[in-house]
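Okay, here's what each chain looks like letter by letter:
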Amino acid sequence: MEVDARPGMIAALVAGLLAGYGIAIPVGAVATYLVALTARTSLRTGAFAALGVATADGLYALIAVLGGTALTPFIQPVVVPLRWGAALVLIIMALRGTATAIRQYRRRHRPASAGAMSLSPGRAYWALLGITMLNPLTVIYFAALVLGIQTTATPHVLEQAVFVLAAFAASASWQLLLAGGGALLGRVMTGSRGRLITALVSGALITFFALHLLLSAA
């Protein structure tokens with residue numbers, strides 16, 4: 001007698017979508033940087049950066065599915081160092097973005113020139129992937145979800161794959177939405193003063209979130 005696998009697949013799909021949106025929607029330093037980066041560069045660069053964030057979420061979902069909560073004891077000891085590393089990287093990015101915006105404003109230099117476009121789409125992808133991977137709490141989050149949705153029966157490989165792909169798709173859709181908002185913001189605030197204000201505000205927010213990481217790690 002064949003067992004209908006559709007209920008399990010649907011459950012995995014819904015769980016993956018909810019997990020992906022659950023980790024992606026809260027606005028933090030990475031989301032703020034993504035919007036600001038797209039506003040200062042281009043939608044293409046922002047889209048690649050967004051996919052970098054989503055890739056990290058998808059990888060952590062895969063790790064959680066394969067390793068489950070067994071990985072948590074190994075991750076816990078390095079949570080604090082990774083938080084410090086993530087915070088320092090974000091602060092450096094905030095300072096660099098603010099300094100670049102101030103220089104461009106003083107020179108009345110259009111950000112569409114080569115100076116602002118130095119961050120290629122490929123580099124943006126890897127940069128955001130690396131920053132997001134520095135957050136070990138993401139894998140703990142996914143591990144807890146995987147443990148919660150599992151029944152006494154071992155989940156099918158296809159169900160696990162659906163969960164991971166759904167989590168990636170949900171995260172990617174939200175990050176691309178943020179990138180689109182950044183592109184729209186960049187079109188609205190086309191003047192040098194508007195872009196300066198955008199860079200200063202985003203830099204301040206990113207620094208705030210980074211300092212929050214440092215305080216939580218202390």
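In this text, all values refer to a predicted model and were calculated from it rather than measured experimentally. (Residues numbered from 1 in each chain as written. Predicted model: local features only at pLDDT ≥ 70, side-chain atom pairs only at ≥ 80, totals over all residues. Heavy atoms only, no water.)

**Q** Would you mind going over the overall build of the chain in detail, with residue names and values included?
**A** Secondary structure assignment for the chain yields nine helices and zero strands. The order of α-helices and β-strands along the chain, N terminus first, is α-α-α-α-α-α-α-α-α. Looking at the 218 residues of the chain, the share that counts as buried comes to 41%. Summarising the internal contacts of the chain: among those between residues at least 6 apart in sequence, 92% fall at separations of at least 24. For the chain, the accessible area works out to roughly 11,500 Å², and carbon and sulfur atoms hold 73% of it. (Helix = DSSP H or I, 4+ residues; strand = E, 2+ residues; numbered from the N terminus. Buried < 20%, exposed > 50% of the residue type's maximum accessible area, 1.4 Å probe, protein only. Contact = heavy atoms within 4.5 Å. Areas by Shrake-Rupley, 256 points an atom, 1.4 Å probe, with all protein chains shown as cover.)

**Q** If you had to explain the nonpolar core to someone new, which residues and values would you point to?
**A** Inside soluble globular proteins, nonpolar side chains tend to come together where they are buried. In this structure, Y33, L37, A49 and L128 are the most contacted members of the largest nonpolar core, which totals 17 residues. Within the residue set of this core, elements represented by two or more residues are α2 (29-40), α3 (43-67), α5 (79-107), α6 (121-133) and α8 (157-188). Sort the elements by how many residues they give to this core and α2 lands first, with five residues. Contact partners of A49, with chain neighbours within four places excluded, come to L34, L37, A124, Y125 and L128. Formed by eight residues, the second largest nonpolar core is a distinct cluster that contains A15, A19, V65 and V164. (Core = buried A, V, L, I, M, F, W, Y, C linked by side-chain atoms within 4.5 Å.)

**Q** Requested: an account of the packing of α2 against α6, with residues and values cited.
**A** Viewed as axis vectors pointing N to C, α2 and α6 meet at an angle of 170 degrees, and their least axial separation amounts to 11 Å. The orientation of α2 with respect to α6, classified from their angle, is roughly antiparallel. Here α2 runs over α6; the crossing is right-handed. Of the residues in α6, those in contact with V30, Y33 and L37 of α2 are A124, L128, I131 and T132. The class makeup of the residues in the contact of α2 with α6 is six nonpolar, one polar and no charged. (Axes fitted to C-alpha atoms, helices over the stretch in contact; angles between N-to-C directions. Parallel < 35°, antiparallel > 145°, perpendicular 65-115°, else oblique. Left-handed = near helix turned anticlockwise from the far one by under 90°. Nonpolar A, V, L, I, M, F, W, Y, C, P; charged D, E, K, R; others polar.)

**Q** For a positive patch on the surface, give the residues involved together with the corresponding values.
**A** On the surface, a cluster of positive charge is made up of R96, R103, R107 and R123. With three residues, the top contributor of residues to the positive patch is α5. Considering the arrangement of structural elements, one finds R123 in helix α6. What makes R123 partly exposed here is its relative accessible area of 47%. (Patch = residues over 30% accessible without salt bridge, like charges linked within 9 Å, V, L, I, M, F, W, Y side chains within 5 Å. Salt bridge = Lys/Arg side-chain N within 4 Å of Asp/Glu carboxyl O. Lys, Arg positive; Asp, Glu negative; His and termini not counted. Charge placed at Lys NZ, Arg CZ, Asp CG, Glu CD.)

**Q** Any details on a nonpolar patch on the surface? Residues and values, ideally.
**A** A contiguous nonpolar surface patch, about 290 Å² in accessible area, is contributed by L13, L17, Y21 and I25. Among the secondary structure elements, L17 is positioned in helix α1 (residues 6-24).

**Q** How would you sum up the environment of G203? Please name residues and give values.
**A** Mapped onto the fold, G203 is located in helix α9 (residues 192-217). G203 sits 174 residues away from A29 along the chain, and the two C-alpha atoms are 9.4 Å apart. Once you skip the residues sitting within four places of it in the chain, G203 turns out to touch A94 and T98.

**Q** Account for the confidence of the model for the chain, naming residues and giving values.
**A** Summarising the model, the chain shows a mean pLDDT of 75, and 67% of its residues fall at 70 or more. Contacts of residues 111-117 to residues separated by more than four positions or lying in other chains number 12 contacts, the stretch itself having pLDDT below 50. (pLDDT = per-residue confidence, 0-100.)

**Q** Give me the packing of aromatic side chains: which residues, what numbers.
**A** In total, this model carries one aromatic pair according to the counting rule given. On the basis of an interplanar angle of 85 degrees and a centroid distance of 5.2 Å, the ring pair of Y125 and W126 is categorised as edge-to-face. Look at W126 and you get exposed, because its relative accessible area is 59%. (Phe/Tyr/Trp six-rings, centres within 6.5 Å; stacked < 30°, edge-to-face > 60°.)

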